[in-house]
Amino acid sequence: MKTDELIELLAHDAAPPRRFRPLFLAAIGGGTAITALSFFVLLGTRPDIAEAWETTRFLFKVVAAIVLAVAAGGLALAYGQPGVFSNRWRWLLLAVPVALFAAVFIELVTLPEKTWAVRAIGQNARHCMVLIPLLSIAPFVCAFYAMRHSAPENPGVAGATAGLAAGAIGAAFYALNCPDDSPLFVAIWYTIAIAAVSGAGYLLGRRLLRW
Amino acid sequence: MSLREEQLAGLMRAAMSGDAGAYRQFLFDVTPHLRSIARNRCRAWGVAEAETEDIVQEVLLAVHLKRGTWDQSRPIGPWLAAITRNKLIDMIRRNGRHVAIPIEDVMATLQAEEPASWLPKHELENMLKRLRNKQQEIVRAISVEGISVRETAARLNMTEGAVRVSLHRALQMLAALYGSKTQ
């Protein structure tokens, strides 16, 4: 087929396409809304949430998850658009593990050694590792649907980033229910759960996000 | 590139608002630039120049299918360069080489003019044969024979909407076929 003929073909498929950026933002918003609904209906916040809001540890884990979600979401959005560079989001993303590391350090320094293991293991590691992925399903599916309309240079990395955002959204809600606030617990179990969702994103991204 | 880039951006903006004529103009105007990049890179990496037009076609198809990823508040040059670069990398992977292509190279050659037109190898032809019969008929009617969607619909006893949908799916299928070759 000559190139002119191909152009003719393309010119006949001229209906305005779905724009990726609004689609992605709507998808993340919709997925988050579904998670919020499921969370409040099926799980609910922990009983002492009013007191928890006033503690630094609780606020830290919620804010960290939200910042992670925003940074990963912004990065995924940038990855999906050819020619857009994403340093701002990378730095914000990096800030989260750095802050977590600092929080862990402070925790270890301020607490007696014999409490470390108890706080790290926590009461509900299993819940954490099951519920965070479950709560991240809706944003994950929605984000992937939107990413299918994008053009990432590295489909696996783009999928992992979208998965990271979804995992962080799940974690932000889970944090409202979870009784374990210690940064030691968060650094271990939340990280594992979110990394698992991100890993799934990488594997699916390699298959589904090629263009 | 900046005047040309602005012209292309203006055409694409109009196209995204539904101006089909502007979109056709965009495709015709952008092709020589894509061609000059492809030719330059083929020369640089010792890839046969017969591949050039096939690359141009692959990039055009990608630009078409992914035009929703262009942020209209940004310049269109980097967007075009990034898509071209990605497809070049795909092509080189197909040929079993690993090359790093700095985006500055690609952007610089976007400036050049390229008058001549080369004949493609027949990659697209071969892939067309793998489409469904109806899709092939629609594709040939519109591209080779140059008849309109309405006439195509009348000939094949379909609605115009159905023809458009079938055309769009055929294009997506072609892109997927390119992609599976890169496996």
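Relevant structure appears above.
Residues numbered from 1 in each chain as written. Chains lettered and ligands numbered in written order. Predicted model: local features only at pLDDT ≥ 70, side-chain atom pairs only at ≥ 80, totals over all residues. Heavy atoms only, no water.

Caption draft 1: Up close: the side chain of Glu5 of chain A. In this structure, Glu5 of chain A sits in helix 1 (residues 3-12). Exposure remark for Glu5 of chain A: the relative accessible area of 14% places this residue in the buried category. In contact with Glu5 of chain A, other than residues within four places in its own chain, are Ser143 and Val144 of chain B. (Helix = DSSP H or I, 4+ residues; strand = E, 2+ residues; numbered from the N terminus. Buried < 20%, exposed > 50% of the residue type's maximum accessible area, 1.4 Å probe, protein only. Contact = heavy atoms within 4.5 Å.)

Caption draft 2: Layout of helix 2 (residues 20-43) of chain A. Residue and element names in this part refer to chain A. With 24 residues, helix 2 ought to run about 34 Å at 1.5 Å a step, and its terminal C-alpha atoms sit 33 Å apart, in line with that. Here helix 2 has its buried residues at Phe20, Leu23, Phe24, Ala27, Ile28, Gly31, Thr35, Ala36 and Phe39. Packed against the buried residues of helix 2 are helix 4 (56-80), helix 7 (125-147) and helix 8 (155-177). Gly44 lies just past helix 2 and shows a positive phi near 80 degrees. (Expected span 1.5 Å × (residues − 1).)

Caption draft 3: Region of the structure containing the interface of chain B and chain A. Between chain B and chain A, the contact holds 50 residues from the first and 33 residues from the second. Each partner contributes to the roughly 3700 Å² buried at the junction of chain B and chain A, and carbon and sulfur atoms together form 63% of this total. The salt bridge partner of Arg85 of chain B is Glu153 of chain A, with a shortest N-O separation of 3.2 Å. On inspection of chain B and its partner chain A, the count reaches 14 residue pairs in polar contact (both at pLDDT 80 or more). Mapped onto the side of chain B that touches chain A, the elements with two or more residues apiece are helix 1 (2-16), helix 2 (20-44), helix 3 (51-65), helix 4 (76-94), helix 6 (123-128), helix 7 (133-145) and helix 9 (160-182) of chain B. Looking at the side of chain B that touches chain A residue by residue, the classes come out as 24 nonpolar, 15 polar and 11 charged. (Buried area = accessible area lost by both parts, 1.4 Å probe. Salt bridge = Lys/Arg side-chain N within 4 Å of Asp/Glu carboxyl O. Polar contact = N/O pair within 3.5 Å; in protein donor to acceptor, adjacent residues only side chain to side chain. Nonpolar A, V, L, I, M, F, W, Y, C, P; charged D, E, K, R; others polar.)

Caption draft 4: Just the layout of surface pockets, in detail. What the largest pocket holds in volume is close to 1000 Å³. As for the largest pocket, its lining consists of 38 residues, and the residues nearest its centre are Arg148 of chain A together with Leu65, Lys66, His168 and Gln172 of chain B. With 10 residues, helix 9 of chain B is the largest single contributor of residues to the lining of the largest pocket. Counted by class, the lining of the largest pocket contains 18 nonpolar, 8 polar and 12 charged residues. (1 Å grid on protein atoms, 1.4 Å probe; cavity = no way out; pocket = protein on both sides within 12 Å on 5 of 7 lines; lining within 4 Å. Points joined across faces, edges and corners; volume = space filled by probe spheres on them.)

Caption draft 5: The nonpolar core, seen in detail. Counting residues in each nonpolar core, the largest one holds 59 residues, and the members touching the most others are Met12, Phe26, Leu60, Ile76 and Leu174 of chain B. Considering each element in turn, this core owes the most residues, 9 residues, to helix 2 of chain B. Listed in part, the 55 residues of the second largest apolar core include Ile28, Ala52, Ala172 and Leu209 of chain A. (Core = buried A, V, L, I, M, F, W, Y, C linked by side-chain atoms within 4.5 Å.)

Caption draft 6: Layout of the packing of aromatic side chains. Counted by the stated rule, this structure contains 10 aromatic pairs over all chains. Taken together, a centroid distance of 6.4 Å and an interplanar angle of 85 degrees make the contact between Phe40 of chain A and Phe173 of chain A edge-to-face. Linking Phe40 of chain A in helix 2 with Phe173 of chain A in helix 8, this pair joins segments that are 133 residues apart in sequence. Consider the rings of Trp53 of chain A and Phe58 of chain A, whose centres lie 5.3 Å apart with planes at 80 degrees: the pair is edge-to-face. With a relative accessible area of 41%, Trp53 of chain A lands in the partly exposed category. Three or more aromatic residues joined by ring pairs make a cluster, and in this case those are Tyr174, Phe185, Trp189 and Tyr190 of chain A. The side chain of Arg67 of chain B reaches across the aromatic face of Tyr23 of chain B, ending 4.6 Å from its centre. A cation over an aromatic ring shows up here: Lys87 of chain B above the ring of Trp211 of chain A, its NZ or CZ 4.4 Å from the ring centre. (Phe/Tyr/Trp six-rings, centres within 6.5 Å; stacked < 30°, edge-to-face > 60°. Lys NZ or Arg CZ within 6 Å of the ring centre and 35° of its normal.)

Caption draft 7: Spotlight on the pattern of salt bridges. Under the definition given, this model contains 14 salt bridges over all chains. Here Arg35 of chain B and Glu53 of chain B are joined by a salt bridge, their closest N and O atoms 2.8 Å apart. Here Arg35 of chain B, found in helix 2, pairs with Glu53 of chain B, found in helix 3; they are 18 residues apart in sequence, far enough to count as distant. A relative accessible area of 6% places Arg35 of chain B in the buried class. Where Arg74 of chain B meets Asp71 of chain B, a salt bridge forms, and the shortest distance between an N and an O atom there is 3.6 Å. Given a relative accessible area of 38%, Arg74 of chain B falls into the partly exposed group. Residue Asp71 of chain B is classed as buried on the basis of its relative accessible area of 18%. Salt bridges sharing partners connect three or more residues here, namely Arg46, Asp48, Lys61 and Asp181 of chain A.

Caption draft 8: Looking closely at the side chain of Ser136 of chain A. Residues and elements named next belong to chain A. Among the secondary structure elements, Ser136 is positioned in helix 7. On the basis of relative accessible area, Ser136 is assigned to the buried category, the value being 2%. Ignoring anything within four residues of it in the chain, the contact list for Ser136 reads Ala166, Gly167, Gly170 and Val197.

Caption draft 9: Local environment of the environment of Tyr178 of chain B. Residues and elements named next belong to chain B. Within the element layout of this structure, Tyr178 appears in helix 9. Residue classification places Tyr178 among the buried positions, given a relative accessible area of 2%. The spatial distance from the C-alpha of Tyr178 to the C-alpha of Leu61 is 10.0 Å, given a sequence separation of 117 residues. Discounting chain neighbours no more than four positions away, the residues touching Tyr178 are Asp54, Gln57, Glu58, Leu61, Arg94, Glu123, Leu124 and Met127.

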